[in-house]
Amino acid sequence: MDTEFLKQEILRLKREKNAVILGHYYQRDEIQALSDYVGDSLALAQKAQQCENDIIVFCGVHFMAETAKILNPSRKVLLPDVTATCSLAECCPGEDFARFKAQYPDYMVISYVNCSAEIKAMSDLICTSGNAEKLVRALPEDQKIIFAPDRNLGGYINRVTGREMVLWDGCCTVHDALRAESVLKLKAEYPGVPVVAHPECRKELLDVADFVGSTKAMLTYIQNSPSDTIIVGTERGILYEMQQANPGKRFIPVSSPDGRPCECGYMKQNTLENLYACLRDETPEIIMSDEIIEKAKKPIIRMLEMSKQLGIIK
Ligand code: 13P
Ligand code: SF4
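Definitions and cut-offs
- Residues numbered from 1 in each chain as written.
- Chains lettered and ligands numbered in written order.
- Predicted model: local features only at pLDDT ≥ 70, side-chain atom pairs only at ≥ 80, totals over all residues.
- Heavy atoms only, no water.
- Helix = DSSP H or I, 4+ residues; strand = E, 2+ residues; numbered from the N terminus.
- Buried < 20%, exposed > 50% of the residue type's maximum accessible area, 1.4 Å probe, protein only.
- Contact = heavy atoms within 4.5 Å.
- Lys, Arg positive; Asp, Glu negative; His and termini not counted.
- Charge placed at Lys NZ, Arg CZ, Asp CG, Glu CD.
- Pairing = 2+ DSSP bridges.
- Axes fitted to C-alpha atoms, helices over the stretch in contact; angles between N-to-C directions.
- Parallel < 35°, antiparallel > 145°, perpendicular 65-115°, else oblique.
- Nonpolar A, V, L, I, M, F, W, Y, C, P; charged D, E, K, R; others polar.
- Near = heavy atom within 4 Å.
- Polar contact = N/O pair within 3.5 Å; in protein donor to acceptor, adjacent residues only side chain to side chain.
- Areas by Shrake-Rupley, 256 points an atom, 1.4 Å probe, with all protein chains shown as cover.
- Core = buried A, V, L, I, M, F, W, Y, C linked by side-chain atoms within 4.5 Å.
- Expected span 1.5 Å × (residues − 1).
- Bend = angle between axes of the 7 residues up to and from the residue.
- Phe/Tyr/Trp six-rings, centres within 6.5 Å; stacked < 30°, edge-to-face > 60°.

1. Notes on the overall build of the chain
- Helix and strand counts for the chain stand at 16 helices and twelve strands.
- Once the C-alpha set of the chain is aligned to its principal axes, its extents read approximately 50 × 50 × 35 Å.
- Put simply, the chain has 314 residues, and 56% of those count as buried.
- Taking as baseline every contact in the chain between residues at least 6 positions apart, the subset at least 24 positions apart corresponds to 63%.
- For the chain, the distance from the average site of its 37 positive side-chain charges to the average site of its 44 negative ones is 3 Å.

Shown next as structure tokens:
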């Protein structure tokens, strides 16, 4: 179908059905351009919670759409491709995690939002990469903590806070594929150019980055950086927003050692075609039981409340 026709139809259906499109920074350029709000996981969760539209079309991955449904269950939440999952959510099955958790009876469970609703329901507090460090710092120093499912983000938080959280051994296969050597090569090619990286990357890579933060935090860093060139260690979809917000700057993405671009296949499963079909047919819809919504909601609300108290969000 013609791209221009699809765009016009998406906008028409959105108006007619009182729908809002929430898009993550890793979505395809054309989807970010059509979204009403583009943001990181934390901002999008908050937007979803506050949303008064009848329909939320979540252009992101499954756990993000699930989080939107949990926070605003009376809305119809649609995900253009319902099979768009996440390697982090997949690496932490509920039954295995329940057994792991049982080994640490007096520990608090902090789960990264990149996990299933089932894991959230077993957690005491949820975090995103945008608030993880501050949330952990706000907890009593002697608090014993299990952190799941990302060993890279958890390890990073352990290093910067001096904590010894027990980590679930999972990772984002997209970020974990990037290597410090690739960054060092780019640094040699572009002397003095700062490197930003997402905390889902390996320790060795984070050690050679100038700034580590969530998608939103990297964007803020770039906006304030005097450098006109930046090396970017994260999913390349974010280059769209980086370029939009900083038309005069140049962004150099870090690729895998085999030359593959840093691209999340799950995020790219949403296309203009399935976004159009999803708005037209109002499916695939995120359907969850009241029980799981109630259980998973508690640690997410705790995250949002703590984030407000700590001044991370308004
Ligand atoms: P952010 O919360 O930084 O947007 O990250 C989400 C994500 O999936 C990173 O891989
Ligand atoms: Fe999941 Fe990694 Fe894709 Fe983010 S980039 S959605 S963590 S697989």
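This is not the end of the story, as more comes after the structure.
2. Here we look at the sheet that holds strand β9 (residues 195-197)
- Within the open sheet, the four strands sit side by side as β10-β9-β11-β12. Their pairing is parallel. In this open sheet, the two strands that pair with only one neighbour each are β10 (211-212) and β12 (250-253).
- Sheet analysis places β9 next to strand β11 (residues 229-233), joined by three bridges and oriented parallel. What sits directly across from Val-196, in β11, is Val-232.

3. Thoughts on the packing of helix α4 (residues 62-71) against helix α16 (residues 290-309)
- Across the interface, α4 lies against α16 with an axial gap of 9 Å and an inter-helix angle of 95 degrees. If you check the angle between α4 and α16, you find them roughly perpendicular. Where α4 abuts α16, its residues Thr-67, Lys-69, Ile-70 and Leu-71 lie against Ile-293, Ala-296, Lys-297, Ile-300, Ile-301 and Leu-304.
- Classifying every residue of the contact of α4 with α16 gives seven nonpolar, one polar and two charged.

4. Structural notes on the site of ligand 1
- Taken together, the neighbourhood of ligand 1 is formed by His-24, Tyr-26, Asp-40, Ser-41, Asn-114, Ser-129, His-175, His-198, Glu-200, Ser-214 and Thr-215.
- Side-chain polar atom of His-24 to an oxygen atom of ligand 1: 2.6 Å apart, as the coordinates give it.
- The separation between an oxygen atom of ligand 1 and a polar side-chain atom of Ser-41 is 2.7 Å.
- Burial of ligand 1 by the protein chains amounts to 96% of its free accessible area of 310 Å².
- Within the shell around ligand 1, the residues separate by chemical class into one nonpolar, eight polar and two charged.

5. Digging into the environment of Glu-285
- Inspection of the secondary structure assignment puts Glu-285 in the loop between α15 (272-281) and α16.
- Residue classification places Glu-285 among the partly exposed residues on the basis of a relative accessible area of 28%.
- With 209 residues separating them along the chain, Glu-285 and Lys-76 place their C-alpha atoms 6.9 Å apart.
- Among all residues touching Glu-285, those that are not within four sequence positions of it are Lys-69, Lys-76, Val-77 and Leu-78.

6. A few points about the nonpolar core
- Ile-110, Leu-125, Val-232, Met-242 and Met-303 are the most contacted members of the largest nonpolar core, which has 83 residues in total.
- Dropping the residues within four chain positions of it, Leu-125 is found in contact with Met-108, Val-109, Ile-110, Ser-111, Leu-135, Leu-139, Pro-299, Arg-302, Met-303 and Met-306.

7. Some points on α16
- Helix length check: α16, at 20 residues, gives a terminal C-alpha distance of 28 Å against a target of 28 Å (1.5 Å per residue), a fit within 8%.
- Roughly 30 degrees is the biggest bend found in α16, and it falls at Lys-297, with proline Pro-299 one to four residues downstream.
- Looking only at α16, the buried set comprises Ile-293, Ala-296, Lys-297, Pro-299, Ile-300, Met-303, Leu-304, Met-306 and Ser-307.
- Elements in contact with the buried residues of α16: α3 (41-50), α4, α7 (117-121), β6 (125-127) and α8 (132-138).
- Directly after α16, the chain includes Gly-311, whose backbone phi takes a positive value near 75 degrees.

8. Here's the deal with the site of ligand 2
- In the neighbourhood of ligand 2, the contacting residues comprise Tyr-26, Val-61, Cys-86, Ser-87, Leu-88, Asn-114, Cys-172, His-175, Glu-200, Cys-264, Tyr-266 and Met-267.
- Here the shell around ligand 2 is composed, by residue class, of eight nonpolar, three polar and one charged.

9. A closer look at the packing of aromatic side chains
- Here the structure, examined in full by the defined rule, presents seven aromatic pairs.
- Ring geometry for Phe-97 versus Phe-100: centroids 6.1 Å apart, planes at 35 degrees, classification tilted. Remark: Phe-100 and Phe-97 occur in helix α6 (residues 94-102); sequence separation between them is three residues, near one turn of the helix. Neither Phe-97 nor Phe-100 differs from the other in exposure class; each is buried.
- For the pair Phe-100 and Trp-168, a centre-to-centre distance of 5.1 Å together with 90 degrees between the ring planes defines the contact as edge-to-face. Taken as a pair, Phe-100 in helix α6 and Trp-168 in the loop between β8 (166-167) and α10 (173-176) lie far apart in primary sequence, 68 residues in all.
- Residue classification places Phe-100 among the buried residues on the basis of a relative accessible area of 13%.

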